[in-house]
Amino acid sequence: WTNYETWLVNMYFEQSFQQIVDEEAENTGAAYLPEDAYELGMVYRDFVQEIVDETLPDDGFGSSLFILDLVNQAIRDVDFTEIARHYID
């Protein structure tokens, strides 16, 4: 993996990422193609961001905002296209 953040996100969400690919194939009858890696990566990024936003609500004291800033920086370092390629191949 490109970096620790990419590896970690994939490790925690691998079942969800595979499920996204499987559901797409089931719903449309077509699998993601290698040229779809960027698009699929953005689907993964949005999925992870939604979970982060739901998990770390603002506590009104700023401490969760600090944690959210750290997590968001880590998410920016994730190579979601690389993760997508892993599930397309």
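Residues numbered from 1 in each chain as written. Predicted model: local features only at pLDDT ≥ 70, side-chain atom pairs only at ≥ 80, totals over all residues. Heavy atoms only, no water.

Novice: Would you mind going over the packing of aromatic side chains in detail, with residue names and values included?
Specialist: Describing an aromatic ring pair means giving the distance of the ring centres and the angle of the ring planes. Here the structure, examined in full by the defined rule, presents seven aromatic pairs. Look at Tyr4 and Trp7: their rings are 5.6 Å apart centre to centre, the planes differ by 40°, and that puts the pair in the tilted class. In this pair, Tyr4 and Trp7 both sit in helix H1 (residues 4-28), three residues apart, roughly one turn of the helix. Residue Trp7 is classed as partly exposed on the basis of its relative accessible area of 35%. With 5.9 Å between their ring centres and 35° between their planes, Phe13 and Phe17 make a pair best called tilted. Placement of the pair is Phe13 and Phe17 together in helix H1, with a separation of four residues, close to one helical turn. (Phe/Tyr/Trp six-rings, centres within 6.5 Å; stacked < 30°, edge-to-face > 60°. Helix = DSSP H or I, 4+ residues; strand = E, 2+ residues; numbered from the N terminus. Buried < 20%, exposed > 50% of the residue type's maximum accessible area, 1.4 Å probe, protein only.)

Novice: Just give me the short version of the layout of surface pockets, but keep the residues and values in it.
Specialist: For the largest pocket, the calculated volume is near 250 Å³. With six residues, H1 is the largest single contributor of residues to the lining of the largest pocket. Its residues placed into classes, the lining of the largest pocket shows twelve nonpolar, no polar and one charged. (1 Å grid on protein atoms, 1.4 Å probe; cavity = no way out; pocket = protein on both sides within 12 Å on 5 of 7 lines; lining within 4 Å. Points joined across faces, edges and corners; volume = space filled by probe spheres on them. Nonpolar A, V, L, I, M, F, W, Y, C, P; charged D, E, K, R; others polar.)

Novice: An account of the nonpolar core is requested, with residue identities and associated values reported.
Specialist: Formed by 19 residues in total, the largest nonpolar core has its most connected members in Val9, Phe17, Leu40, Tyr44, Val48, Phe80 and Ile83. Among the elements of the structure, H1, helix H2 (37-55), helix H3 (63-76) and helix H4 (80-88) are those that each provide at least two residues to this core. Leave out the neighbours within four places in its chain, and Val48 touches Val9, Phe13, Phe17, Ile75 and Phe80. (Core = buried A, V, L, I, M, F, W, Y, C linked by side-chain atoms within 4.5 Å. Contact = heavy atoms within 4.5 Å.)

Just distances and angles here, no functional claims.
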